Amino acid sequence: NAGVTQTPKFQVLKTGQSMTLQCAQDMNHEYMSWYRQDPGMGLRLIHYSVGAGITDQGEVPNGYNVSRSTTEDFPLRLLSAAPSQTSVYFCASSLVPSPPSETQYFGPGTRLLVL
Amino acid sequence: SQQGEEDPQALSIQEGENATMNCSYKTSINNLQWYRQNSGRGLVHLILIRSNEREKHSGRLRVTLDTSKKSSSLLITASRAADTASYFCAYLQGGSEKLVFGKGTKLTVNP
């Protein structure tokens, strides 16, 4: 199994550009989520999904869209990039979210720089 | 914000010493997890303790949970240079499907 994969590894955007961060898992996990990690802030939940066709907002959803058309894929879309979205983005998955919550498997991350 | 808080934010010790990190949270939980992150990498699951457990061991790791104080601690015994990393606690907000992470403790183990 490849586990959780993320592409690209690094991206530079200009303010106002849009892009999609890709996340895929091959473990047949129902639960997938996106986090952003900023210095001193830990990980903050952006969006999550408990299964195909179901998504919900996390702590910091503004400026991001998600969809879950298949169990395997959970792309994160930046609609109009802003410098405040410069961050490291992690995708994670688990068999089920709760209860009790299962181990989360993380991807390697995408470093995004918005100029 | 419902983010948990780790304490201390940074910890520097010598190889062979024990390292203790604490996590405080704000909501009721079903269980609490600890993760490790090496610099520039994704997070890796270390251990999960359920809300009806008070202490759990895994190798050199010992986790305690005090639900009355809404706190947990992670003890790494006989630390090694390879333990140098950031450590995060994570928990589900009570009654929700949102997994929340603390801000992390950066541990440096000096050889």
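Below: a short report on this structure. Being a predicted model, the structure only gives us computed values, none of them experimental.

Overview of the overall build of chain B
Inference 1: Along its length, chain B carries 0 helices and 11 strands.
Inference 2: Order of helices (α) and strands (β) in chain B, N terminus to C terminus: β-β-β-β-β-β-β-β-β-β-β.
Inference 3: The C-alpha radius of gyration of chain B comes to 13 Å, within 12% of the 13 Å expected for a compact globule of 111 residues.
Inference 4: On the principal axes, the C-alpha backbone points of chain B span a range of 45 × 30 × 20 Å.
Inference 5: The centroid of the 14 positive side-chain charges in chain B is displaced by 4 Å from the centroid of its 10 negative side-chain charges.

So, the pairing of strand β5 (residues 42-51) of chain A
Residues and elements named next belong to chain A.
Inference 1: With 9 of 10 residues buried, β5 is to be regarded as a mostly interior element.
Inference 2: Examined bridge by bridge, strand β4 (residues 31-38) and β5 share 7 bridges and lie antiparallel to one another. Across the sheet, the residue bridging to W34 is H47, located in β5.
Inference 3: Connecting β4 to the next strand, β5, in antiparallel fashion are 3 residues, including G40 with a positive phi near 75 degrees.

Comments concerning the pattern of salt bridges
Between side chains of opposite charge, a pair can form when the charged atoms approach closely.
Residues and elements named next belong to chain B.
Inference 1: This structure, assessed with the given rule, holds 6 salt bridges over all chains.
Inference 2: R62 is the salt-bridge partner of E55, the closest N and O atoms lying 3.2 Å from each other.
Inference 3: With a relative accessible area of 31%, R62 lands in the partly exposed category.
Inference 4: Notably, a salt bridge pairs D83 with R60, separated by 2.9 Å at the nearest N-O pair. Taken together, the residues D83 in the loop between β8 (71-76) and β9 (85-92) and R60 in the loop between β6 (55-58) and β7 (61-66) connect sequence positions 23 residues apart.
Inference 5: The class for D83 is buried, based on a relative accessible area of 7%.
Inference 6: Residue classification places R60 among the partly exposed positions, given a relative accessible area of 23%.

Focus: the interface of chain B and chain A
Inference 1: Contacts between the two partners involve 24 residues from chain B and, on the opposite side, 27 residues from chain A.
Inference 2: Of the roughly 1900 Å² buried between chain B and chain A on both sides combined, carbon and sulfur atoms contribute 53%.
Inference 3: Area buried by chain B at its contact with chain A is led by E97, K98 and L99 of chain B, which between them contribute 27% of it.
Inference 4: Inspection of the region where chain B meets chain A yields 0 salt bridges.
Inference 5: Inspection of the chain B/chain A interface yields 4 residue pairs in polar contact (both at pLDDT 80 or more).

What about the nonpolar core?
Inference 1: Among the nonpolar cores identified, the biggest contains 22 residues, and M21, L32, W34, L74, I76, Y87 and L107 of chain B are the most heavily contacted of them.
Inference 2: Listing elements by their share of this core, those giving two or more residues are β3 (19-24), β4 (31-37), β5 (43-50), β7, β8, β9 and β11 (105-110) of chain B.
Inference 3: No other element matches β9 of chain B, which puts 4 residues into this core.
Inference 4: If near-sequence neighbours (up to four positions away) are discounted, I76 of chain B is found in contact with E17, N18, A19, M21, R60, L61, D83, Y87 and L107 of chain B.
Inference 5: In this structure, C23, W34, L76 and L78 of chain A belong to the second largest nonpolar core, which totals 18 residues.

The rules behind each value
Here the residue index of a chain counts from 1 through its sequence in written order. Written order determines the labels here, with chains lettered from A and ligands numbered from 1. Per-residue local features of the predicted model are confined to residues with pLDDT of at least 70, and side-chain atom pairs are confined, for both listing and counting, to 80 or more; whole-chain, interface and lining totals are unaffected and use all residues. Each side-chain value is derived from all of the structure's non-hydrogen atoms; neither hydrogens nor water enter the calculation. Here a helix means four or more residues in a row that DSSP labels H or I, a strand means two or more in a row labelled E, and each is numbered from the N terminus. Note that the radius of gyration is over C-alpha atoms, with the globule rule given as 2.2 Å times the number of residues to the power 0.38. In this count, Lys and Arg are taken as positive residues and Asp and Glu as negative ones, while His and the chain termini are left out. We put the charge of a Lys on NZ, of an Arg on CZ, of an Asp on CG and of a Glu on CD. Relative accessibility decides the category of a residue: with a 1.4 Å probe and only protein chains considered, values under 20% of the type maximum give buried, values over 50% give exposed, and everything between is partly exposed. Each pair of strands is called paired provided DSSP finds at least two bridges between the two strands. Whenever Lys or Arg places a side-chain nitrogen within 4 Å of a carboxyl oxygen from Asp or Glu, that contact is recorded as a salt bridge. Residues are treated as being in contact if the distance between any of their heavy atoms lies within 4.5 Å. Buried area is understood as the total, over both parts, of accessible area removed when two parts are fitted together, assessed with a 1.4 Å probe. Distance and chemistry together define a polar contact, namely a pair of N or O atoms within 3.5 Å, with one atom able to donate a hydrogen and the other to accept it when in protein, and with adjacent residues in sequence counting only for side-chain atoms on both sides. We define the nonpolar core as a collection of buried residues of types Ala, Val, Leu, Ile, Met, Phe, Trp, Tyr and Cys that are connected through side-chain atoms lying within 4.5 Å of one another.

Function-wise, these values are silent; they only describe arrangement.
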